[in-house]
Each structure stands twice: as structure tokens, then as C-alpha cells.
Amino acid sequence: MDLRNINNYILMKKIVKPIFFYGGFNRVKGALRWNRTERRLYILMYHRVDHRSYPLFEDVVHPKDFERQVRFLKKKFRIVDISRLDQSEYFQANNKDCIALTFDDGYRDVYSQAFPILKKYNVPATVFLATGYINTLRLLWYDRLSWILYKTISIPDIKKLAKYEIHPKIAHDVCSFFSEKPSNSLNILRRIAAQLKKFKTKEQNFILESLANACNIEEWPGSNERTMLSWEEVSQMAMHGVSFGGHTVSHPNLNTMEHTDIRNEIITSKLEIEAQTQKPVTVFAYPYGGKEYYNENVVRLVKEAGYKYACTTNVGFETFPIKRPLTMKRKGAPNSPYLFF
Ligand SMILES: [Zn+2]
């Protein structure tokens, strides 16, 4: 049975809360599991665990929900570390399916909110780091976009945006963001982000810089607002059962890049994490992760760089033995306590 979409969770949360998360449903699932012999590996994908929500993240999981998920998973699955996956071990007579917890990008709240829970339950997890943002006050481009639009000092009109050479389609949406009802602004923000995703990193940076100038943004996050992890936080987690994987340096769309640049992105991040944690880095996650964001050449370069496993964001699960370890499927973790498999 697959993970349901978020609307179903909300509905179920209201109607059948106790049944689904605890008793009866799990017994039915157990009965279904008796009929199959293969053991599965589910890889859950998280980004952020926090009390607050963030505009472009639908899947910020509240720490309380995260704790309930971890408790549930620990009971029902064998929780494994995909960076140290010994397939033969899991393939053998083991009654439980495996599950791995992964966190993409390297947000600071993985340390402040998720890590204490992982430690409390002694559960392994893997964090994929976009190393160009670690130990800096820099924001990933979509966080930068939200920052600019929500913290604008002066609202630019279409003429001003044109003066700053902002692409007309994006300029039009930026104007709508400021002029339409606040209830609609999130949809518009997502539309702008979807357009920006198509640009190469250099062009994206140019657009965001111009937009920041047009909006008179001078203030960026300070050290107590730092959004991404520091190397010190990474080291502390590495000493307590959290493993780290590559997620490139600048979090680009690898599908739009030249061969040498792709290789640099993949290798540089691996070497830096290895130097900082003093541990081998064996697992990688493709930025954005869908089929349109990597290709055969990218997969080959990931293999050549020495990665044994790599995660996509294609939805699904793996069965042992894993047929395509360099394009493994995942499931997005829901922002509710309810997980369905
Ligand atoms: Zn990412």
C-alpha cells in the first residue's frame, strides 16, 4: 500500500486517527506482508523539521509529529543507514522491511529539532549536504526568493523590474505577488519558483540579485538566523550515528550542465564532507531528484566519483537485492504523524 496524498492524511487525521496510526490497520498490513517473500527498503525523504512553516516547503514536519513517526517506524521496521547498507544482511531471514531516513540540503533544524529525537531513539539517518551553503549564512535560491519577496523594503512596479532586466514573465508574477490578495501569494510564489527552476545557476543568481536590488533588500539572515548547518553541527551529528551524503556544492539542475562542471559538483562536495567528518561518503542525492534533473551521464559520473548508492525523488520503494542502487526511489515524509506503506 502506498503513501497517500496530504489531503487524505488531513481527512484521516480528523476521522480515523486512532485506528490508522495504532492498532487495527497495522494488523491488516501485517497480514498482507505474510504473503510476500521479498524484503523492501523504503527511503523516507525529509527536508525540514521545525515548529514553524516555510512558504516553499509543504513538508516541514513538526518535531512532535517527527517523534511520533520515529516511534512508529522503530516499532514496525528495521531502520537502516543507507550509507552503510549491507544488502546480504537485510536480504536474509529478517521478518521486517527496512526503512532509511534521509534529510535533503542540510537545514540547521535537522540539528536543532530532528537530531535530539534521533539520538533519543537511537535511530540512524542520512543528511545530504549541498556543501556550498554549509557553514555560511547563504540561502538556497528558493529560500532567497521567499526572503526577498516577504522582506521587501519597497514594492517594485513593472517599470522598475524592467529597469533591472528581470525576465518579463517573472516580473509580471512578482507584480501579482504584491498586488493580489495575501491568500493567493503563496501560489504566485510557487509559480515564480517553478519558472526560476528552469534557469541555470548563474542566470538564477542574476535574476535574484536584480530582484533583491529592485526590492531594496540589504538585510540578509544574520548568524542567529542561519538557515543551514555549520560544520561543527555536522561533526557533532556524525559522532552520534548520523551519516552524511553528497548533494553537490551549489544545488544545481545537473541536467543542464556541462560534463566537467557536473563532475566538479559531485566530487568537490564528496571530498569536503569526507574531510570535515573524517568518514567515507558513499551515498548521493540528486538535487531536485526527479527524472528531468539527472541523466545517464550524471549517474555514470556519480558512480565514477565512488558513490555506492544514490537517491532520486522518484516515488516508490526498493526490494533486496537492489537492482539500481544509483537511482533509488524515495517517499516524501508527510507533515503529519501518519505514515502509510
Ligand atoms: Zn535538495
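Reference entry: report on the structure contained in this document.

Turning next to the overall build of the chain. Within the chain one finds 14 helices and 9 strands. Looking at the 341 residues of the chain, the share that counts as buried comes to 53%. In the chain, 73% of the contacts between residues at least 6 apart in sequence involve partners at least 24 apart. Approximately 16500 Å² of the chain is accessible, and the part contributed by carbon and sulfur atoms is 52%.

Another aspect to go through is the environment of Gln 204. By the secondary structure assignment, Gln 204 is in helix H11 (residues 201–214). A relative accessible area of 4% places Gln 204 in the buried class. Distance from Gln 204 to Pro 252, taken between C-alpha atoms, is 10.0 Å for residues 48 residues apart in sequence.

Counting buried positions along strand E1 (residues 40–46) gives 7 out of 7 residues, so the element sits mostly inside the fold. Along E1, one buried face is formed by Arg 40, Tyr 42, Leu 44 and Tyr 46 and the opposite face, lined by Leu 41, Ile 43 and Met 45, is buried too. Alignment of E1 against strand E8 (residues 318–319), held across 2 bridges, turns out to be antiparallel. Paired with Arg 40 across the bridge in E8 is Thr 319. Two elements, E1 and strand E9 (residues 328–332), share 2 bridges in a ladder whose sense is parallel. Residue Met 45 lies in a different strand from E9, and its bridge partner there is Gly 332.

With that settled, the discussion passes to the nonpolar core. Membership of the largest hydrophobic core comes to 51 residues, with the highest contact counts inside it found for Phe 66, Leu 73, Leu 101, Phe 103 and Tyr 286. Counting residues per element, this core draws most heavily on helix H6 (residues 108–120), at 5 residues. Not counting residues within four places of it along the chain, the set of residues in contact with Phe 103 comprises Tyr 46, His 47, Val 49, Phe 66, Val 110, Ala 114, Leu 118, Ala 125, Thr 126, Val 127 and Phe 128. Within the second largest apolar cluster, 36 residues are counted, among which are Tyr 107, Tyr 142, Val 174 and Leu 196.

Mapped onto the secondary structure, Ala 238 falls in helix H12 (residues 231–238). Here the alpha-carbon distance between Ala 238 and Val 127, two residues 111 residues apart in the chain, equals 9.8 Å.

With that settled, the discussion passes to the pairing of E9. Examined bridge by bridge, strand E7 (residues 309–315) and E9 share 2 bridges and lie parallel to one another. Across the sheet, the residue bridging to Cys 311 is Met 328, located in E9.

If you trace the backbone, Ile 273 turns up in helix H13 (residues 259–277). In this structure, the C-alpha to C-alpha distance between Ile 273 and Leu 129, residues 144 residues apart in sequence, is 8.1 Å. Non-local contacts of Ile 273, meaning those with residues more than four positions away in its chain, are made with Leu 129, Thr 131, Trp 231, Phe 244, Gly 245, Gly 246, Gln 278 and Val 281.

Bringing the packing of H13 against helix H14 (residues 296–304) into the picture now. For the pair H13 and H14, interaxial distance at closest approach is 10 Å and the crossing angle is 40°. In terms of orientation, H13 lies oblique with respect to H14. At the point where H13 passes H14, the crossing takes the right-handed sense. Across the interface between the two elements, His 259, Ile 262, Arg 263 and Ile 266 from H13 touch Asn 297, Val 298, Arg 300, Leu 301 and Val 302 from H14. Of the residues belonging to the contact of H13 with H14, the class tally is 5 nonpolar, 2 polar and 2 charged.

As a packed pair, helix H9 (residues 168–179) and helix H10 (residues 182–196) sit with axes 9 Å apart at the nearest point and diverge in direction by 165°. As the angle between them shows, H9 and H10 are arranged roughly antiparallel. You can see that H9 and H10 cross each other, and the crossing is left-handed. Judged by residue contacts, Lys 169, Ile 170, Asp 173, Val 174, Ser 176 and Phe 177 of H9 engage Ser 185, Ile 188, Leu 189, Arg 191, Ile 192, Gln 195 and Leu 196 from H10. Classifying every residue of the contact of H9 with H10 gives 7 nonpolar, 3 polar and 3 charged.

Attention shifts here to the pattern of salt bridges. A side chain with one charge can pair with a side chain of the opposite charge if their charged atoms come near. Overall, the coordinates contain 13 salt bridges when judged by the stated rule. With a closest N to O distance of 2.9 Å, Arg 330 and Asp 104 form a salt bridge. With Arg 330 in strand E9 and Asp 104 in strand E3 (residues 98–105), this pair connects stretches of sequence that are 226 residues apart. Exposure class is identical for Arg 330 and Asp 104. Each is buried. Overlapping salt bridges bring together Glu 67, Arg 71 and Lys 120 as one network.

Procedures and definitions
- Residues numbered from 1 in each chain as written.
- Predicted model: local features only at pLDDT ≥ 70, side-chain atom pairs only at ≥ 80, totals over all residues.
- Heavy atoms only, no water.
- Helix = DSSP H or I, 4+ residues; strand = E, 2+ residues; numbered from the N terminus.
- Buried < 20%, exposed > 50% of the residue type's maximum accessible area, 1.4 Å probe, protein only.
- Contact = heavy atoms within 4.5 Å.
- Areas by Shrake-Rupley, 256 points an atom, 1.4 Å probe, with all protein chains shown as cover.
- Pairing = 2+ DSSP bridges.
- Core = buried A, V, L, I, M, F, W, Y, C linked by side-chain atoms within 4.5 Å.
- Axes fitted to C-alpha atoms, helices over the stretch in contact; angles between N-to-C directions.
- Parallel < 35°, antiparallel > 145°, perpendicular 65-115°, else oblique.
- Left-handed = near helix turned anticlockwise from the far one by under 90°.
- Nonpolar A, V, L, I, M, F, W, Y, C, P; charged D, E, K, R; others polar.
- Salt bridge = Lys/Arg side-chain N within 4 Å of Asp/Glu carboxyl O.

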